[in-house]
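Listed below are the residues making up each chain.
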Amino acid sequence: MGTAEPQVATAQSQLSDGFQLVIDALKLNGIDTIYGLPGIPITDLTRRAQAEGMRVLSFRHEQSAGYAASIAGFLTQQPGICLTVSAPGFLNGLNALAHATVNCFPMILISGSSEREIVDLQQGDYEELDQLAVARPLAKAAFRVLQAEDIGVGVARAIRAAVSGRPGGVYLDLPAKLFAQTIDAAAGTRSLIKVVDPAPKQVPAPEAVKRALELLKGARKPLVILGKGAAYAQADAEIRSLIERTGIPYLPMSMAKGLLPDTHEQSAAAARSYVLPEADVVMLIGARLNWLLAHGKGKTWGGKGAKDWGGQRFIQIDISPQEADSNVRIDAPVVGDIASCVSALLAGIGSGWAKPPAEWLRAIQERKSKNIAKMAETLAGNPSPMNFHSALAVVRDVVKANPDAMFVNEGANALDFARSIVDMYRPRKRIDVGTWGIMGVGMGYCVAAAVVTRQQVIAIEGDSAFGFSGMEVETLCRYNLPVCVVVLNNNGVYRGTDVNPAGGPDVAPTVFVKGARYDKLIEAFGGVGAHATTPAELRRAMEEAVRSRRPTLVNAVIDETAGTESGRITSLNPSAKKK
Ligand code: ADP
Ligand code: TPW
């Protein structure tokens, strides 16, 4: 008896299993956090990962865990890990996987799945779904591991696929049986791969750099557009140096705000509608000419008709060689990683670069001053009830006083107004709905932002937007995260004023319960709720949240007639075109 127990322990300690190898493979590659939701077959994986010192953050819905993982990827350049159960859990996480791929964020969705032999014969297993096939079209890459000795390779391939080249979402399918498979521990350890240089530098061709500089040199009205790829690249000093040494005005896309402080004199953000049609040479740095930039043509760019070219010539710096010419002709594509490309441009520029013509800079400055003065007037108003402007003037001040705070933003008007009113001062502080304009990222982003950066998080949420992930306020409270959520509450999707055209008892599809108290929701979980009907109350509540670092939700009551349908993209509504 006395000797039997240690012998068993020794025998067991020489075996490893699938659970252990997944954890070891992630840890070996520096991954220490999992965003997920437990259940069959991954509950033990979450337990054992926690026991092994990983941070395992559990959510109330996989979609929020997925969005958290996706934005953790954006913030860290390391794939964010979302872990889900099979079929329904997997599908709940899939939205975030697609979001990661579309936004070029590195993320790995790891889902447990049911038994292959039953799934493939469609014999009706528990949570039966061919997950790999479903994930593939939405992911940058998708892999399945069937044998414990292949876990190391599977994880390595997933990491490389997620972060190399243009980053994206990767799916890793782990069938239930894999976790319990045992293999010799030493062989298991040997099978693991520590990925060397997962996102290799991609240095641009010298002739591409030369072509770009020549085009830029001849410009009379040059403009730089910084996109979230530039923010992701973490080449902050190089980018700032390029902007300042060339003296070219720049526009930050929403998640590139703060790459240089929004108060920078070369920022043309307040003169956007002037510079886009006027510019003659535009250098895109980590920004695509998709709908957010009106596809590089049409009236926004000074084209005569909706699809006409405005005459600009484009330089595009991007890691994807396929991106150029996707919407309009790119005269000077520079393919490579942004740090390498910008460094090469800086080397080519040398010290004698002539600043853009003074006329161009003066014209922009004039527009800017006029627009900023006009905005200041609007922001100074103190209407009752509050409107977006009077509430966001407070938010602007609180963010200015806390420039390291992370800023999460979703909604329609809540998004558009905050983007233009709230200045950002540091890189990668602003995270929002991204390329798809997706609602529901809010609370997942808040959790990841707090966990990754350990900074205060401020989330500005439309009331509809907030509802998509509202239950995660419990998650904020459970982990006691320093998150201050402000719900700009105007009683509905966009506004709360629609009426049922048929006159029946149901309210209009865009209308919510009037006077809802979102602040009570967080109180249910021990967080701080505040109800603000004036800018002064909002300011007090936000300042207290930042001071205390306690999870806080401020229900900020906004005039339900304020804002417009769909915010700034009303024109995309097919019905609005009809009339
Ligand atoms: P935004 O929405 O801010 O305009 P997009 O998401 O449209 O930005 O564009 C980001 C672009 O940045 C993508 O085309 C992507 O390929 C590119 N990108 C991402 N990371 C890098 C990097 N490290 N180096 C170069 N390009 C990058
Ligand atoms: C996943 C469509 C775009 S904006 C929005 C919806 C539902 C909410 C607008 O109301 P909110 O904002 O948040 O109260 P505000 O400031 O104007 O009052 N489903 C998904 N994504 C999108 N984009 C939608 C629906 C939508």
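Chemist: Explanation requested: empty space enclosed by the protein in the structure shown.
Modeler: A probe matching the size of a water molecule, rolled over the atoms, marks out where space remains unfilled. Per the stated rule, a full pass over the model turns up 3 cavities of 30 Å³ or more. Taken as a whole, the largest cavity encloses approximately 60 Å³ of empty space. If you go around the largest cavity, the residues you meet are Val-493, Tyr-494, Arg-495, Gly-496, Thr-497, Asp-498, Thr-510 and Glu-565.

Chemist: Explain helix 15 (residues 338-349) to me, please; I cannot follow it from the model alone.
Modeler: What sets the pattern is the α-helix's 3.6 residues per turn: residues three or four places apart point alike. For helix 15, with 12 residues, the first-to-last C-alpha span of 16 Å sits near the 16 Å given by 1.5 Å per residue. When helix 15 is considered as a whole, its buried residues turn out to be Ile-338, Ser-340, Cys-341, Val-342, Leu-345, Leu-346 and Ile-349. Two or three places before Ala-339, at the start of helix 15, stands the capping residue Asp-337, its side-chain oxygen 3.2 Å from that residue's backbone nitrogen.

Chemist: Mind showing me how you'd approach the environment of Val-334 here?
Modeler: Here Val-334 lies in strand 13 (residues 332-335). Judged by its relative accessible area of 0%, Val-334 is buried. On a C-alpha basis, the gap between Val-334 and Leu-392 in space is 38 Å, while along the polypeptide they are 58 residues apart. Discounting chain neighbours no more than four positions away, the residues touching Val-334 are Pro-204, Ala-208, Val-209, Ala-212, Ile-315, Gln-316, Ile-317, Asp-318 and Cys-341.

Chemist: Quick question: what am I supposed to make of the sheet that holds strand 15 (residues 430-432) here?
Modeler: Working definition: the strands of a sheet are paired by backbone hydrogen bonds and lie parallel or antiparallel to each other. Read across the sheet, 6 strands follow the order 15-14-16-17-19-18 without closing on themselves; strand pairing throughout is parallel. The outermost strands of the open sheet, each flanked by one partner alone, are strand 15 and strand 18 (528-532). Taken pair by pair, the neighbouring strands of this sheet meet at an average axis angle of 15 degrees, ignoring direction.

Chemist: Sorry if this is basic, but what is going on with the pairing of strand 4 (residues 80-84) here?
Modeler: Looking along a regular strand, one sees the side chains alternate between the two faces of the sheet. Along strand 4, 5 of the 5 residues are buried, which leaves the element largely enclosed by surrounding structure. Of the pairings in the sheet, the one linking strand 2 (residues 33-36) to strand 4 comprises 2 bridges and is parallel in character. Looking across to strand 4, one finds that Gly-36 is bridged to Leu-83. Where strand 4 lies against strand 5 (residues 107-113), 5 bridges are found, and the strand directions are parallel. Looking across to strand 5, one finds that Leu-83 is bridged to Ile-110. For the handedness criterion, the β-α-β arrangement of strand 4, helix 5 (residues 87-103) and strand 5 is classed as right-handed.

Chemist: What should I look at first to understand the packing of aromatic side chains in this one?
Modeler: Evaluated as defined, the whole model comprises 9 aromatic pairs. When the ring of Phe-74 is compared with that of Phe-105, the centres are 5.2 Å apart and the planes differ by 50 degrees; the resulting orientation is tilted. Linking Phe-74 in helix 4 (residues 62-76) with Phe-105 in the loop between helix 5 and strand 5, this pair joins segments that are 31 residues apart in sequence. Assigned by exposure class, Phe-74 and Phe-105 land together as buried. Aromatic pair Trp-301 and Phe-314: ring centres 5.4 Å apart, planes at 70 degrees, arrangement edge-to-face. Of this pair, Trp-301 sits in the loop between strand 11 (281-285) and strand 12 (313-318) while Phe-314 sits in strand 12, and the two are 13 residues apart along the sequence. By relative accessible area, which is 0% here, Trp-301 ends up buried. Positioned over the ring face of Tyr-274 is Arg-367, at 4.1 Å from the centre of the ring.

Chemist: Before we go on, may I ask you to explain the pattern of salt bridges in this structure?
Modeler: Between side chains of opposite charge, pairing is possible as soon as their charged atoms come close. The tally for this structure, following the rule as stated, stands at 26 salt bridges. Notably, a salt bridge pairs Asp-44 with Arg-47, separated by 2.6 Å at the nearest N-O pair. Residue Asp-44 and its partner Arg-47 are located together in helix 3 (residues 43-51), separated by 3 residues, close to a single helical turn. You can call Asp-44 partly exposed: its relative accessible area is 34%. For Arg-313, the salt bridge identified is with Asp-331, shortest N-O distance 3.3 Å. In this pair, Arg-313 is assigned in strand 12 and Asp-331 in the loop between strand 12 and strand 13, connecting sequence segments 18 residues apart. Within this structure, Arg-116, Asp-120, Asp-130, Arg-144 and Asp-173 form a network of salt bridges that share partners.

Chemist: Any chance you could explain the site of ligand 2 here in plain terms?
Modeler: Surrounding ligand 2, one finds 16 residues, the nearest of these being Asn-413, Ala-414, Gly-437, Asp-463 and Tyr-494. Contacts to ligand 2 include Ala-412, whose backbone N or O atom sits 3.2 Å from an oxygen atom. Burial of ligand 2 by the surrounding chains reaches 77%, relative to a free accessible area of 590 Å². When contributions to the shell around ligand 2 are tallied by element, the ones reaching two or more residues are helix 18 (413-421) and helix 20 (463-467). A per-element tally of the shell around ligand 2 places helix 20 first, with 3 residues. Tallied by class, the residues present in the shell around ligand 2 amount to 8 nonpolar, 7 polar and 1 charged.

Chemist: How should the nonpolar core be read in this particular structure?
Modeler: Proteins that are soluble and globular tend to have nonpolar side chains buried together. In this structure, Tyr-35, Leu-226, Ile-239, Ile-285 and Ile-431 are the most contacted members of the largest nonpolar core, which totals 88 residues. Setting aside residues no more than four positions away along its own chain, Ile-239 makes contact with Leu-226, Ala-230, Leu-259, Leu-260, Ile-338 and Val-342. In this structure, Ala-148, Ala-162, Val-170 and Val-195 belong to the second largest nonpolar core, which totals 38 residues.

Chemist: I tried to follow the environment of Ala-96 on my own but got confused; where do I start?
Modeler: Relative to the elements of secondary structure, Ala-96 occurs in helix 5. On the accessibility criterion, Ala-96 (0% relative accessible area) is buried. The sequence separation of Ala-96 and Tyr-35 amounts to 61 residues, and the corresponding C-alpha distance is 12 Å. In contact with Ala-96, not counting residues within four places along its chain, are Gln-63, Gly-66, Tyr-67, Ser-70 and Met-107.

Chemist: Help me understand a nonpolar patch on the surface in this model?
Modeler: Residues Trp-291, Leu-292, Ile-569 and Leu-572 make up a contiguous nonpolar surface patch of about 340 Å² in total accessible area. Within the fold, Leu-572 resides in the loop between strand 19 (552-557) and helix 24 (574-578).

Chemist: Explanation requested: the sheet that holds strand 3 (residues 55-58) in the structure shown.
Modeler: The sheet built from 6 strands is open, its strands ordered 3-2-4-5-7-6 with parallel pairing. Of all strands in the sheet, those bounded by a partner on one side alone are strand 3 and strand 6 (141-144). With direction set aside, neighbouring strand axes in the sheet form an average angle of 20 degrees. Taken strand by strand, helix 5 contacts strand 4, strand 5 and strand 7 (169-175), and its axis lies near 160 degrees from that of strand 5. Set on the sheet, helix 8 (residues 151-163) makes contact with strand 5, strand 6 and strand 7; between it and strand 7 the angle comes to about 165 degrees.

What counts and what doesn't
- Residues numbered from 1 in each chain as written.
- Chains lettered and ligands numbered in written order.
- Predicted model: local features only at pLDDT ≥ 70, side-chain atom pairs only at ≥ 80, totals over all residues.
- Heavy atoms only, no water.
- 1 Å grid on protein atoms, 1.4 Å probe; cavity = no way out; pocket = protein on both sides within 12 Å on 5 of 7 lines; lining within 4 Å.
- Points joined across faces, edges and corners; volume = space filled by probe spheres on them.
- Helix = DSSP H or I, 4+ residues; strand = E, 2+ residues; numbered from the N terminus.
- Expected span 1.5 Å × (residues − 1).
- Buried < 20%, exposed > 50% of the residue type's maximum accessible area, 1.4 Å probe, protein only.
- Polar contact = N/O pair within 3.5 Å; in protein donor to acceptor, adjacent residues only side chain to side chain.
- Contact = heavy atoms within 4.5 Å.
- Pairing = 2+ DSSP bridges.
- Axes fitted to C-alpha atoms, helices over the stretch in contact; angles between N-to-C directions.
- Right-handed = clockwise from strand over helix to strand, strands pointing away.
- Phe/Tyr/Trp six-rings, centres within 6.5 Å; stacked < 30°, edge-to-face > 60°.
- Lys NZ or Arg CZ within 6 Å of the ring centre and 35° of its normal.
- Salt bridge = Lys/Arg side-chain N within 4 Å of Asp/Glu carboxyl O.
- Near = heavy atom within 4 Å.
- Areas by Shrake-Rupley, 256 points an atom, 1.4 Å probe, with all protein chains shown as cover.
- Nonpolar A, V, L, I, M, F, W, Y, C, P; charged D, E, K, R; others polar.
- Core = buried A, V, L, I, M, F, W, Y, C linked by side-chain atoms within 4.5 Å.
- Patch = residues over 30% accessible without salt bridge, like charges linked within 9 Å, V, L, I, M, F, W, Y side chains within 5 Å.

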